[in-house]
Amino acid sequence: MLTLSSDTLQIIMVHLIEDLAVLLLVSLPINLLFHKLKLPSVMGYLIAGVVIGPYGGQLIDDIESVKHLAEIGVILLLFVIGLEFSLTRLLKDLVSVCGIGGLQLALTAGAAGWIVHLYGFAQNQSIALGLLVALSSTAIVLKMITDSAEIDTLHGKLCIGTLLFQDLCVVPIMLLVPLLAQAGAISPMDFFFAMFQSIAAVVAIFFLSKLIVPRMLAWIAHTGNKEQLTLSVIFIILITGWISHKMGLTLAMGALIAGMIISDSEYNHQIIIDILPLRDYFSSIFFISIGMLLQVEVFFDSVLLFMALVAGVILLKMFLTFLSCILLRAPIRISLIVGMRLAQIGEFSLILAAISLEQGLLNNDQYQVLLIVSILSMLVTPLMIQISSKLSIWIFSNIKREESKGKKDEALNEHVIISGYGLGGRTLAKVLQEAQIPFMVLELSGEKVKRALTEGLMTHYGDCTQAETLLR
């Protein structure tokens, strides 16, 4: 058994701390710059990762260290995502988001998987790549839609519903990836049995934790010590991840389950307040480390090929999303807007690709191709979102612009504006609904905007301290 000396461990820890410090140093100015430009900071993190990584400026030049950072980033990011999910709310809204979202995911995954299979990929790899290509970027699309105050438009609602369905499908896809990695060595019956075991393991961990975690948090909360509550959350992440790993799942899956359990507890508000300030740093660790793993020389060796692949992916996703909307009777112009806005490969695909590489489902060359195509498609997304409405109006000039406008705004009169959709905002919304008083929600947090929308409330992204926002 390999053992490490205390000096070696100290060197590893020093390197890890130095790397984390560099990531924090880089993420701060990027956040400020992209906030000024009104662009998603995810794009800046990806570019920064390429620039400072071992294949760029080499501010961080240790490949193994970068991979460890990426693994830490995945675990932290999935915990925060789980924390923002409410399983109860998602199950309640499942029917409303299964339409276009389900059709888009099925068509895109099927078509992309069939195309890569034609080019010689194994069946299990084709299935995995099809699913990864089908997912779009919630972080970028939601940010751009909320910044332009379009979330109450028809195309905004369709985009968010589709993204919500894709988010729901991440958990089963994450379970599927390790099984696909073994697909060549096991029979179909063994495969379905292994899938059943994985789902049973997730259910067992979830309900076991559901019995223990609330009681544990209640006991700790009675002490009145906020620091102990935060430490207990860290312990829950670690122990859930460890149990998940022991049961044949990934550490990331354990972190996601831990977040979802805590999100449905009565102590979730304080925990979210304590943890979410670190959300941007967690995100920056993941996205910058993903950028650092991109091998720039691979891209420059085949620039035209990668440009063609990016164009092919964007056109395929745009057409199939457009087709999904048309088949479910959305207006043609709105369908085109939704297709253009969901044509990229998303951040969840990067997480699942990293897991696929770790499980041996994809080799490094295949991972690099997917990474380059994903990042380039994300970088093109803001431009496509900005031109989508104008282009659709130009193409379908005979269709009234009012199709894309939400009608709820026009019906409002003497209404209440709820500034912020935190605990107080949600409580006030329930009171106003019961009193049948019209209201709208004004919120700066993209995640809270998404939550309000999934609850069927009229919601706008904006700052209530600015007079222009209130007049609008």
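For the structure, check the block above.
What you see is a predicted model, and the numbers here were worked out from it, not measured in a lab.

Student: I would appreciate a short explanation of the packing of aromatic side chains in the present structure.
Tutor: For any pair of aromatic rings, the description consists of the separation of the ring centres together with the inter-plane angle of the planes. Under the defined criterion, the tally for this structure stands at two aromatic pairs. Where Phe299 meets Phe306, the ring centres are 6.1 Å apart and the plane angle is 40°; that geometry is what we call tilted. Each member of the pair, Phe299 together with Phe306, is buried. Taken together, the ring pairs in this structure connect Phe299, Phe300 and Phe306 into an aromatic cluster.

Student: Is there a simple way to think about the side chain of Ser349 in this case?
Tutor: Secondary-structure assignment places Ser349 in helix H18 (residues 347-359). Here Ser349 falls in the buried class, since its relative accessible area comes to 1%. Among the polar contacts listed, one links the side chain of Ser349 to the backbone oxygen of Leu132, at a separation of 2.5 Å. What Ser349 contacts, discounting residues up to four positions off in sequence, is Leu132 and Leu135.

Student: What exactly am I supposed to notice about the pairing of strand S1 (residues 416-419) here?
Tutor: Along any regular strand, the residues point their side chains to alternate faces of the sheet. With four bridges connecting them, S1 and strand S2 (residues 439-443) associate as parallel partners. Its bridge partner lying in S2, Val416 is registered against Phe439. Crossover connection from S1 via helix H21 (residues 423-435) to parallel S2: handedness right-handed.

Student: So what exactly am I meant to see when it comes to the nonpolar core here?
Tutor: Soluble globular proteins tend to bury their nonpolar side chains together. Grouped together as the largest cluster of nonpolar side chains are 111 residues, with contacts concentrated most on Leu46, Phe79, Met253, Ile290, Leu350 and Leu371. One finds Ile418, Tyr421, Ala429 and Leu432 within the second-largest nonpolar core, a separate group that totals eight residues.

Student: Hey, could you run me through the environment of Gly102 in this one?
Tutor: Mapped onto the elements, Gly102 comes out in helix H6 (residues 99-118). For Gly102, a relative accessible area of 18% puts it in the buried group. Each C-alpha atom of the pair Gly102 and Gln166 lies 8.0 Å from the other, and the pair is 64 residues apart in sequence.

Rules used throughout
Residues numbered from 1 in each chain as written. Predicted model: local features only at pLDDT ≥ 70, side-chain atom pairs only at ≥ 80, totals over all residues. Heavy atoms only, no water. Phe/Tyr/Trp six-rings, centres within 6.5 Å; stacked < 30°, edge-to-face > 60°. Buried < 20%, exposed > 50% of the residue type's maximum accessible area, 1.4 Å probe, protein only. Helix = DSSP H or I, 4+ residues; strand = E, 2+ residues; numbered from the N terminus. Polar contact = N/O pair within 3.5 Å; in protein donor to acceptor, adjacent residues only side chain to side chain. Contact = heavy atoms within 4.5 Å. Pairing = 2+ DSSP bridges. Right-handed = clockwise from strand over helix to strand, strands pointing away. Core = buried A, V, L, I, M, F, W, Y, C linked by side-chain atoms within 4.5 Å.

This is a description of form; function is not addressed.
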